[in-house]
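Residues per chain are reported as follows:
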Amino acid sequence: MISADAVSHHLDQSYKAPTLNNWFGTDKFGRDVFSRVMYGGRISFTVALLSVVLAVIIGIPYGLLAGYTGGKVDEILSWFINLFMSIPQFLLILTVVALFEPNSISWIVVVIGLLSWMDIARLVRNQTYSIKEQTFIKASVTLGLSKKRILYHHILPNMMPSLIVASALMLGNVILLEAALSFIGLGVQAPIPSWGNIINDGRQVLLDGWWISFFPGVAILITVTCLNLLGEQLQNILDIRTI
């Protein structure tokens, strides 16, 4: 049983503005927003990271096959890439999430990853198409090396700098995507916090409890900006001119 004093104390802590004890204030349940933003950041970043990893796992072999094989195979595979990319990514993911109602973090990761691989596949396809014309690849073919060895031991390592930069930039985009899904109630579900659903918690009290939405919003802004700057710096350091 919860005592009346405990309930009263809990209500007294609702919607408290930022103080030294609660740096980001408290929400309607008296929960510390700072702690939720920190924990929610771990959830949001984990979802984004795993989604990007899944997209890379799908996009690399798809792009390698299209770029190295060429001909009709390349045309068909490239057509599918262009078909998926012609549909706005958020609309596509929103439709799938709304239809299948994934109710776990793992499902959110799978949905985002399965519908975010096209950029990676197109990058790998273009890089493969260019690298396979290099002299050392032609020499490898002449020596009788297997296609698998040529693809994964000679072509793929030469495009890793581009893949690293693209993945860093994609990570920021997926964080925004996950936050948008959670904000409208189709992403990470309460009581598990993510930046998106924390912002949604403060939507109804923006004037009186501005801090609830403000701080996770700032966290998203800082994180995505840092990831984009990281991608640009990696691009300069690795001397990548075209991605």
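Up top is the structure.
Residues numbered from 1 in each chain as written. Predicted model: local features only at pLDDT ≥ 70, side-chain atom pairs only at ≥ 80, totals over all residues. Heavy atoms only, no water.

J.: Please explain the overall build of the chain as it appears in this structure.
T.: Along the chain, the regular secondary structure elements total 10 helices and zero strands. Start at the N end of the chain and walk to the C end: the helices and strands fall as α-α-α-α-α-α-α-α-α-α. Since a compact globule built from 243 residues should have a radius of gyration of about 18 Å, the 23 Å found for the chain marks it as more spread out than a globular shape. Along the first, second and third principal axes, the C-alpha atoms of the chain reach 80 × 40 × 30 Å. The buried share of the chain, reckoned over its 243 residues, is 42%. Surface exposure of the chain reaches about 13600 Å², of which carbon and sulfur atoms provide 65%. Computed over 15 positive and 14 negative side-chain charges, the separation of the two mean positions in the chain equals 13 Å. (Helix = DSSP H or I, 4+ residues; strand = E, 2+ residues; numbered from the N terminus. Rg over C-alpha atoms; globule rule 2.2 N^0.38 Å. Buried < 20%, exposed > 50% of the residue type's maximum accessible area, 1.4 Å probe, protein only. Areas by Shrake-Rupley, 256 points an atom, 1.4 Å probe, with all protein chains shown as cover. Lys, Arg positive; Asp, Glu negative; His and termini not counted. Charge placed at Lys NZ, Arg CZ, Asp CG, Glu CD.)

J.: Looking at this structure, how should I read the nonpolar core?
T.: Nonpolar side chains tend toward joint burial in soluble globular proteins. Ranked by internal contacts, the top residues of the largest apolar core, which has 58 residues, are Ile-93, Ile-112, Ile-155, Met-159 and Leu-163. Excluding its chain neighbours within four sequence positions, the residues that come into contact with Met-159 are Leu-64, Val-124, Gln-127, Thr-128 and Ile-131. (Core = buried A, V, L, I, M, F, W, Y, C linked by side-chain atoms within 4.5 Å. Contact = heavy atoms within 4.5 Å.)

J.: Help me understand helix H5 (residues 105-114), please; the structure alone is not making it clear to me.
T.: Along an α-helix, residues three or four apart share an orientation, since each turn contains 3.6 residues. All of the buried residues in H5 are Ile-108, Val-109, Val-111, Ile-112 and Gly-113. In the core, the buried residues of H5 are packed alongside helix H2 (33-69), helix H4 (89-100) and helix H8 (147-183).

J.: What exactly am I supposed to notice about the pattern of salt bridges here?
T.: Proximity of charged atoms lets side chains of opposite charge pair with each other. Throughout the structure, instances matching the rule amount to three salt bridges. Measuring nitrogen to oxygen at the nearest pair gives 3.3 Å for the salt bridge that ties Arg-36 to Asp-201. On the criterion of sequence distance, the pair formed by Arg-36 in helix H2 and Asp-201 in helix H9 (residues 195-201) is long-range, its members being 165 residues apart. Classification of Arg-36 by relative accessible area gives buried; the value is 11%. The exposure class of Asp-201 is partly exposed, given its relative accessible area of 28%. Lys-72 is the salt-bridge partner of Glu-75, the closest N and O atoms lying 3.9 Å from each other. (Salt bridge = Lys/Arg side-chain N within 4 Å of Asp/Glu carboxyl O.)

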